[in-house]
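A look at the structure
For reference, the chains in residue letters:
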Amino acid sequence: KTSDGEIPFDIFGASFYLLSRYEEYLTKEKDEFGRFPHTHSMAFKNNFLNIPLVDIWAQALKKILLVKYPALQLQQKQFRFTPTYDIDIAYSYKHKGFFRSMLGTIADIVQGKNFTTRYKVLSGLRKDPYDAYDFLDKIHDKYALQPTYFFLLSEGGPHDKNLHPTNQKFQQLIKTIAQKYSVGIHPSYRSNKVENALRKEIELLRKISDKEISASRQHYIKFSLPITYENLIANKIAADYSMGYGSINGFRASTSNAFYWFNLGKNEATQLVIHPFCFMECNSFFEQKQSIEETRKEIDHYINSVKKVQGNLITIWHNFSLGSDKLWAGWAELYEYLLQHSK
């Protein structure tokens, strides 16, 4: 609080409360996936989840300091855009083997679905609807982007439905992407309960990609503080991209900028860098039940909000929403709209 009341509250204490996610240590309530419910957050309850409040406070403080101390040299920031992708299900039909393909066909018949697309894809007559990798390559070159891909490498489970990590075609996809872009681990749902699962998944991705793995984002955005982040640190993860909600878009830690995680459980600073995201297309589609036009307006809001504070706009998209799946018709064009307006 300044002497003349220009900031009439403890800006550092308030910022620490929001950035440290103090409130997440105070409740035992969980949603259906065992996550901290966004409805319990102060930001949601007080209608500021959709703005980077800590960044706004920092800007206000900066202006006050420069008025009082004109010679003060402060860091100049610029708006940045960081595209990221979660590869939960690499392909819809391809490379799943005879047994899984037969089960899929039977399921189509039982559910009354048209299995023509499955047949054409497996016969090589049509591109897999989740195969958006060439599209992404072209769009990255067009807009000079360097994204990060997060790969799910699980032995399987109800919430982990990617190709098996030993699948040669899946491994080739990872190798091809890793040659050009940054890759990170997408810790499986089962890794939250199965001991050493995270270590094995990281090591497997390292071997396949021939790169050291230092970045991570939790599958289903499922994490619990401080346990999940302590586990990441123990497995030499230096950067986490999970700080957001898997149930609604917004600024979970009220910032768009990266920050070091402070372990409240041990009352100590760490070197784990948290990169918060504010938009995921699955939230807009599945959770918020928005149309493409409604999501376009939401995208405009987040672009403008982050630009105003010269922050870093991090988004999550999936390959399945950017391919040719009829369910996601028009979303690839919406993604390019995002890229055009994020330059």
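Everything below is about the structure printed above this text.
A quick note: this is a predicted structure, and the numbers were derived from the prediction, not measured.

Points about helix 11 (residues 292-308)
For helix 11, built from 17 residues, the straight-helix expectation of 24 Å at 1.5 Å per residue is met to within 8% by its first-to-last C-alpha distance of 24 Å. Residues of helix 11 that are buried sit in contact with strand 8 (279-280), helix 10 (281-287), strand 9 (312-318) and helix 12 (331-341). At the C-terminal side of helix 11, Gln310 shows a positive phi close to 50°.

Section: a nonpolar patch on the surface
A surface patch of nonpolar side chains, about 260 Å² in accessible area, is lined by Leu66, Tyr69 and Leu72. Positionally, Leu66 belongs in helix 3 (residues 53-68). The exposure class of Leu66 is partly exposed, given its relative accessible area of 31%.

Details of the nonpolar core
Tyr149, Phe151, Tyr229, Leu313, Trp317 and Tyr335 are the most contacted members of the largest nonpolar core, which has 71 residues in total. The biggest single contributor to this core is helix 12, with seven residues. Once you skip the residues sitting within four places of it in the chain, Phe151 turns out to touch Ile87, Phe170, Ile174, Ile177, Val183, Gly184, Ile185, His186 and Leu205. Listed in part, the 14 residues of the second largest apolar core include Ile7, Phe36, Ala43 and Leu61.

Some details on the packing of aromatic side chains
Two numbers describe a pair of aromatic rings. These are the distance of the centres and the angle of the planes. Tallied over the full model, the rule gives 25 aromatic pairs. Measuring from centroid to centroid gives 6.0 Å for Tyr91 and Tyr133, while their planes differ by 70°, and the two rings are edge-to-face. With Tyr91 in the loop between strand 1 (80-87) and helix 4 (97-110) and Tyr133 in helix 6 (residues 133-143), this residue pair connects regions lying 42 residues apart in the sequence. Note on accessibility: Tyr91 and Tyr133 belong to one class, buried.

A look at unusual backbone geometry
Cis peptide bonds are those with omega within 30 degrees of zero, and the linkage from Leu225 to Pro226 qualifies with 5°. With respect to the helices and strands, Pro226 occurs in the loop between strand 4 (215-216) and helix 9 (227-234). Positive phi, close to 50°, is recorded for Ile221, a residue that is not glycine. Examined against the element boundaries, Ile221 turns out to sit in the loop between strand 4 and helix 9. Judged by relative accessible area, which is 3%, Ile221 ranks as buried.

Let's talk about the side chain of Arg21
Here Arg21 lies in the loop between helix 1 (11-19) and helix 2 (42-45). Given a relative accessible area of 1%, Arg21 falls into the buried group. There is a polar contact of 3.0 Å between the side chain of Arg21 and the backbone oxygen of Leu18. In this structure Arg21 touches Phe36, Ser41, Leu225, Met243, Tyr245, Arg252 and Ala253, once residues within four positions along its chain are discounted.

Topic: the layout of surface pockets
The computed volume of the second largest pocket comes to approximately 650 Å³. Among the secondary structure elements, those contributing two or more residues to the lining of the second largest pocket are helix 1, helix 3 and strand 6 (259-263). When residues in the lining of the second largest pocket are grouped by element, the largest group, 10 residues, is from helix 3. Looking at the lining of the second largest pocket residue by residue, the classes come out as 16 nonpolar, eight polar and four charged.

So, helix 1
Every buried residue of helix 1 is accounted for by Ile11, Ser15 and Leu18. Relative to the axis of helix 1, the buried residues are bounded by an arc of 65° and lie together on one face. At its buried positions, helix 1 is contacted by helix 3. Just beyond helix 1, the residue with positive phi is Arg21, at close to 60°.

Overview of the pairing of strand 9
Across the seven residues that make up strand 9, a large majority, seven, are buried. Residues Asn312, Ile314, Ile316 and His318 point to one face of strand 9 and Leu313, Thr315 and Trp317 to the other, with burial holding for every one of them. Note that strand 8 and strand 9 share two bridges and pair parallel. Across the sheet, Phe279 pairs through a bridge with Thr315, a residue of strand 9.

Rules and cut-offs
Residues numbered from 1 in each chain as written. Predicted model: local features only at pLDDT ≥ 70, side-chain atom pairs only at ≥ 80, totals over all residues. Heavy atoms only, no water. Helix = DSSP H or I, 4+ residues; strand = E, 2+ residues; numbered from the N terminus. Expected span 1.5 Å × (residues − 1). Contact = heavy atoms within 4.5 Å. Patch = residues over 30% accessible without salt bridge, like charges linked within 9 Å, V, L, I, M, F, W, Y side chains within 5 Å. Areas by Shrake-Rupley, 256 points an atom, 1.4 Å probe, with all protein chains shown as cover. Salt bridge = Lys/Arg side-chain N within 4 Å of Asp/Glu carboxyl O. Buried < 20%, exposed > 50% of the residue type's maximum accessible area, 1.4 Å probe, protein only. Core = buried A, V, L, I, M, F, W, Y, C linked by side-chain atoms within 4.5 Å. Phe/Tyr/Trp six-rings, centres within 6.5 Å; stacked < 30°, edge-to-face > 60°. Polar contact = N/O pair within 3.5 Å; in protein donor to acceptor, adjacent residues only side chain to side chain. 1 Å grid on protein atoms, 1.4 Å probe; cavity = no way out; pocket = protein on both sides within 12 Å on 5 of 7 lines; lining within 4 Å. Points joined across faces, edges and corners; volume = space filled by probe spheres on them. Nonpolar A, V, L, I, M, F, W, Y, C, P; charged D, E, K, R; others polar. Arc of directions from axis to C-beta. Pairing = 2+ DSSP bridges.

Any link to function would need more than the numbers given here.
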